[in-house]
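# A closer look at the structure
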Amino acid sequence: MIQKLTFLFFLISSFFYSQQTEEELKSILFDIEFCTAGLKEIHEIDSIVTICRKYSYHDGAALGCLKIANIYNKNNDVKKAFYYIDKVDKEGLINEESDFEIVLYQHMIKSMLYYNLGERVTAFGLLDEIYEETIKQKNAYYTYLINWQYAGFYNEMNQKEKALEKIKIAYKYSKIYRENRNHRYKIHKAQLSWSFMTTSYLAAIYIDMGRLDLAKGYIKESLDDLKKKDNKSLVYFNLFNAAKYYRAVKDFKSARHYLWICKKIAGHHFKDEFHQKSVAKELKSLYEEMKEKDSTAYYVNQLLDIQTAKEKQNQVLKDIIDKKDEAEERNEKKLTQGLLFILFASGVISVLFISLFLHYYKKYKSKNLDKIDMPHKLPVQECIFKEVIQLAKENNPGFLIRFNEYCPRFSDELLTVSDLKITEIRFCAYLYLNFSTKRNRRIYIYFSEDRTNQKI
């Protein structure tokens, strides 16, 4: 029966929400008070997330998942809180185009989860990563919100001066946000209620530092704020810090009155360890000062039970994070191996390509060298031959000298056969050079006349 009613509620809400724009859906999500939320609110948010996915409203879907994660964290179900945070990353719901408020919200929720685990470096790292960008937005709501979370972490670490510095900034900008001059900010009901808590928190830090005179004014202001807003979280927070102040000034009656109201609110609306433990611890301290041993012992036992539950929760959370780290390490290892394989394959391909290139280049170069026409240089003998011919044509007296250089054994061989004169050797040289018959005849006559003259 309950499942049928839940399904019917889902259908009705889905039809209603499908008529809304993304901004309207985000406003509905912002107005859901996560501190007092339970399964009913989770089902409502889930239906909104379904509609956002259908229409590709990534900011709306991311905000819904983060809101559910915050609710599960508040209810000590850390496993489901991380599940919904991981969904935002896996589905890529947050990207460069996402609204900054969604990005800030994601960092703050993650930071809170890691801080509760004891991973302070990671928690502060997530806030530091986005702090400068938050200030650049020049949005009073964003500025007060992130400084308030810093103040909470520093206060838990007992670094009071740093906590005071941050909460003063948060207090200043929360008032600017509430004043909302020129209607600059879109005010959401839940966000507005939370902005009043900075006053009470500032008072609490002054109380812890023993500066009760400064705390008094802020306690009065925080109690006056309760007349303006009716919100369970705000009532719990402001009355709890008022109880701390009255215990410090020894007004035990007022302190007990406010703490009993806080205990009732925590029992009905808050299931998380923080609210339960805070009230039990404060009541234990109050009854110790009031010398009521039985009541003190009761809250000592309650604190032990809460601490045991907290340790179990932390173990679950550590197991989740260890598994997540192991999965990331495996994925990183696979990615590294893949990159190394790609680099190796690229190297082999490059070497192969270079080898082929050099092979074909050498082949091409050798082929082209064969085609190159080298300038023809005449041999030395051919040069002398041409010179000898030219000297012969000119009947140059130096002909025979040059001819003997061309044919060094020619004259010696002739002289072994017959005792020839220079002119006869010259004639034979002309014959050897194959001069034309007509020219040879003229040379012969010339040599014959020369011989006759010599005989006469």
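These lines cover the structure that appears in this document, whether it is placed above or below. (Residues numbered from 1 in each chain as written. Predicted model: local features only at pLDDT ≥ 70, side-chain atom pairs only at ≥ 80, totals over all residues. Heavy atoms only, no water.)

## Some remarks on a nonpolar patch on the surface
Side chains of Phe353, Ile354, Phe357, Leu358 and Tyr361 sit close together on the surface and give an oily, nonpolar patch of about 550 Å² of accessible area. In this fold, tyrosine 361 is placed in helix α16 (residues 293–371). For tyrosine 361, a relative accessible area of 43% puts it in the partly exposed group. (Patch = residues over 30% accessible without salt bridge, like charges linked within 9 Å, V, L, I, M, F, W, Y side chains within 5 Å. Areas by Shrake-Rupley, 256 points an atom, 1.4 Å probe, with all protein chains shown as cover. Salt bridge = Lys/Arg side-chain N within 4 Å of Asp/Glu carboxyl O. Helix = DSSP H or I, 4+ residues; strand = E, 2+ residues; numbered from the N terminus. Buried < 20%, exposed > 50% of the residue type's maximum accessible area, 1.4 Å probe, protein only.)

## Structural notes on the packing of aromatic side chains
Enumeration over the complete set of coordinates arrives at 31 aromatic pairs. Ring centres of tryptophan 148 and tyrosine 201 lie 6.4 Å apart, and the angle between their planes is 75°; on these two criteria the pair is classed as edge-to-face. Here tyrosine 201 lies in helix α11 (residues 197–208) and tryptophan 148 lies in helix α8 (residues 140–156), a separation of 53 residues in the sequence. In this structure tyrosine 201 comes out as buried when scored by relative accessible area, which is 12%. Ring plane angle 45° and centroid distance 6.0 Å describe the contact between tyrosine 177 and tyrosine 185, whose orientation is recorded as tilted. Accessibility expressed as a relative area gives 13% for tyrosine 185, which makes it buried. Aromatic ring contacts, followed pair by pair, group Phe100, Tyr141, Tyr142, Tyr144, Trp148, Tyr177, Tyr185, Trp194, Tyr201 and Phe237 into a single cluster. (Phe/Tyr/Trp six-rings, centres within 6.5 Å; stacked < 30°, edge-to-face > 60°.)

## Re the nonpolar core
Core analysis: the biggest nonpolar cluster contains 98 residues, and Trp148, Ile167, Leu223 and Tyr236 have the highest contact counts within it. Non-local contacts of tryptophan 148, meaning those with residues more than four positions away in its chain, are made with Ile167, Ala170, Trp194, Met197, Thr198, Tyr201 and Phe237. Leu400, Phe410, Leu433 and Phe435 belong to the second largest nonpolar core, which has 15 residues in total. (Core = buried A, V, L, I, M, F, W, Y, C linked by side-chain atoms within 4.5 Å. Contact = heavy atoms within 4.5 Å.)

## A look at the side chain of serine 174
Within the element layout of this structure, serine 174 appears in helix α9 (residues 160–179). The buried category is assigned to serine 174, whose relative accessible area is 0%. From its side chain, serine 174 meets the backbone oxygen of tyrosine 171 in a polar contact 2.8 Å long. What serine 174 contacts, discounting residues up to four positions off in sequence, is Tyr144, Ser195 and Thr198. (Polar contact = N/O pair within 3.5 Å; in protein donor to acceptor, adjacent residues only side chain to side chain.)

## Let's talk about the environment of glutamate 161
Residue position: glutamate 161 is located in helix α9. Of the residues examined, glutamate 161 reaches a relative accessible area of 55% and is grouped as exposed. Here the alpha-carbon distance between glutamate 161 and isoleucine 205, two residues 44 residues apart in the chain, equals 9.0 Å.

## Digging into the packing of helix α12 (residues 212–225) against helix α13 (residues 232–248)
Running from N to C, α12 and α13 cross one another at 145°; their axes reach a closest spacing of 10 Å. Where α12 crosses over α13, the handedness of that crossing is left-handed. Along the contact surface, α12 presents Leu212, Ala215, Lys216, Ile219, Ser222, Leu223 and Asp225, while α13 presents Asn238, Leu239, Asn241, Ala242, Tyr245, Tyr246 and Ala248. Tallied by class, the residues present in the contact of α12 with α13 amount to 9 nonpolar, 3 polar and 2 charged. (Axes fitted to C-alpha atoms, helices over the stretch in contact; angles between N-to-C directions. Left-handed = near helix turned anticlockwise from the far one by under 90°. Nonpolar A, V, L, I, M, F, W, Y, C, P; charged D, E, K, R; others polar.)

## Points about helix α4 (residues 58–74)
Compared with an ideal rise of 1.5 Å per residue, which puts 17 residues at 24 Å, α4 spans 24 Å between its outermost C-alpha atoms and is within 8% of the ideal. For α4, a buried count of 16 out of 17 residues is recorded, marking the element as mostly surrounded by other parts of the structure. (Expected span 1.5 Å × (residues − 1).)

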